[in-house]
Amino acid sequence: MKKNLFGLILMATLLPAALQAQFATGTEGFNNNGTRAAHFLKVPVGARATAMGESYAAVANDASALFWNPGGIGRLQDFEVHLSHVNYLLDLNFNYAGMVVPTAAGNLGFSAAVLNMGDERVTTLRDPDGESGVSWSASSYALGLTFSRALTDRFSVGLTGKYIQESLFNSSAKTVAVDIGSLYETGWRGLKIGMAMTNFGGKMKLSGRDLTLRDVDADPFIGGNIGQAADLGVSSWPLPLNFRVGISFDVFRNESGALLLASDFNHPTDAEERIQVGAEYSFMKRFFVRGGYKFNFEEETFALGGGLKWTNFSFDYAYRDFGILGNVPAFSLNLRL
């Protein structure tokens, strides 16, 4: 048994480098980048997970597991609240709130994710400076309800139902989706295996009065009916479905410190397969240093961060490199009662 587990650990450590070599030497093919709606569903939640390179499917031991692997919250013993904020690209702000409530039948989870850009002035050909004073905005949000249960002392599963909406000025698109996850603890050296499928749901299609033209003028060459309304044709777009498999284990753990390693393999429907690896070193269970690396991403590469924990309260920070787009800082708070 120990030999098999050691083989799994070795595979999790060496597989990312091997796959990265294959990606580097293989031929580039077509991908579906930019063909999915609700891209905000891919923004990572929690500075701890972000600093570990988003290799969190098998860690999933706090309320941020509502995003990464709903099966993880089935093993939580206490009421827990998670809050996180990301200064995202192009002056966008991403905020996430999650709460886990233990019950006799299993654990309930509630989550809300919001991406907002703020207000901008409306500009037109007749008013290029936006002097009319009218403003517009775009935002996205998702509300989730999760149920997770530990089926045995080592295996737990979870299911999340989500309502998703994106708005652009006076138009919006909405749909529903589900996340499914599981977490297995082997009982040896903290070795855990996690799996999750996220954003499985319907397509999104914008609708609203911004897509209806009133008092359409006749074409001077081909004629037409003046004063008739015209509806703009809008396509439906699928959600960013993703399948994630992760493994994590303790290199060592004692009273003075611990070293945790983790690795995730992702299969998204709008990009090629990706690998993330991460590590966390804790000192006296109060001070944390983290790092991670991502393979086969277009611009993202490494992430760094740290955290402080005092009794049942923790604060975490993450720095995520986004290549030519700059960096993306993240902050999160976690409270366990």
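If you're wondering where the values come from, they're calculated on a predicted model, not measured in any experiment.

Engineer: Looking at this structure, how should I read the overall build of the chain?
Structural biologist: Per the secondary structure count, the chain includes three helices and 17 strands. Counting the 337 residues in the chain, one finds 41% classified as buried. Contacts in the chain between residues far apart in sequence, at least 24 positions, make up 54% of those at least 6 positions apart. Summed over its atoms, the accessible surface of the chain is roughly 17,800 Å², and 61% of this surface lies on carbon and sulfur atoms.

Engineer: When you look at unusual backbone geometry in this model, what are you seeing that I'm missing?
Structural biologist: If a residue is not glycine, its phi is most likely negative; likewise, a peptide bond is most likely trans. Phi at Asp91 takes a positive value of approximately 65 degrees, unusual for a residue other than glycine. Among the structural elements, Asp91 can be located in the loop between β1 (80-87) and β2 (93-102). Asp91 gets classed as exposed once you look at its relative accessible area, which sits at 69%. The backbone of Arg189 sits at a positive phi, close to 55 degrees, despite the residue not being glycine. The topology assignment puts Arg189 in the loop between β6 (171-185) and β7 (192-201).

Engineer: How do you make sense of a nonpolar patch on the surface when you look at a structure like this?
Structural biologist: Taken together, Leu83, Phe313, Phe315, Tyr317, Leu333, Leu335 and Leu337 make up a surface patch of nonpolar side chains, about 600 Å² in accessible area. Elements represented by at least two residues in the nonpolar patch include exactly β16 (313-321) and β17 (327-336). Element by element, the count of residues in the nonpolar patch is highest for β16, at three residues. Here Leu333 is to be found in strand β17. Judged by relative accessible area, Leu333 falls into the partly exposed class, the value being 33%.

Engineer: I tried to follow the pairing of β7 on my own but got confused; where do I start?
Structural biologist: Across a regular strand the side chains alternate sides, sitting on one face of the sheet and then on the other. Here β6 runs beside β7; their pairing, made up of eight bridges, is antiparallel. Paired with Glu185 across the two strands is Lys192, which belongs to β7. The turn joining β6 and β7, which pair antiparallel and follow one another in sequence, is formed by six residues; a positive phi near 85 degrees is taken by Gly187. For β7 and strand β11 (residues 242-253), the ladder comprises seven bridges, and the chain directions are antiparallel. The residue of β11 that forms the bridge with Ala196 is Arg244.

Engineer: How do you make sense of the environment of Asp153 when you look at a structure like this?
Structural biologist: Within the secondary structure, Asp153 is located in the loop between β4 (135-150) and β5 (155-168). Spatially, the C-alpha atoms of Asp153 and Tyr184 are 9.3 Å apart, while their sequence positions differ by 31 residues.

Engineer: Got a minute to help me understand the side chain of Ser332 in this structure?
Structural biologist: Residue position: Ser332 is located in strand β17. Exposure remark for Ser332: the relative accessible area of 3% places this residue in the buried category. Only 3.1 Å separates the side chain of Ser332 from the backbone nitrogen of Ala47, close enough to count as a polar contact.

Engineer: Looking at this structure, I do not really get the confidence of the model for the chain. What am I missing?
Structural biologist: Keep in mind that low pLDDT regions are not for reading the predicted coordinates in detail. For the chain, per-residue confidence averages 87 on the pLDDT scale, and residues scoring 70 or more make up 86% of the total. For residues 1-29, every residue scores under 50 in pLDDT, and the model assigns this stretch 25 contacts once sequence neighbours within four places are set aside.

Engineer: Please explain the side chain of Asp62 as it appears in this structure.
Structural biologist: The residue Asp62 is located in the loop between α2 (47-51) and α3 (65-68) in this model. Take Asp62: its relative accessible area is 9%, and that puts it in the buried class. A distance of 2.8 Å separates polar atoms of two side chains, one belonging to Asp62 and the other to Tyr56. Once residues within four sequence positions are removed from consideration, Asp62 is found in contact with Arg48, Tyr56, Ile73, Leu76, Glu80, Asn334 and Arg336.

What counts, and where the lines are drawn
Residues numbered from 1 in each chain as written. Predicted model: local features only at pLDDT ≥ 70, side-chain atom pairs only at ≥ 80, totals over all residues. Heavy atoms only, no water. Helix = DSSP H or I, 4+ residues; strand = E, 2+ residues; numbered from the N terminus. Buried < 20%, exposed > 50% of the residue type's maximum accessible area, 1.4 Å probe, protein only. Contact = heavy atoms within 4.5 Å. Areas by Shrake-Rupley, 256 points an atom, 1.4 Å probe, with all protein chains shown as cover. Patch = residues over 30% accessible without salt bridge, like charges linked within 9 Å, V, L, I, M, F, W, Y side chains within 5 Å. Salt bridge = Lys/Arg side-chain N within 4 Å of Asp/Glu carboxyl O. Pairing = 2+ DSSP bridges. Polar contact = N/O pair within 3.5 Å; in protein donor to acceptor, adjacent residues only side chain to side chain. pLDDT = per-residue confidence, 0-100.

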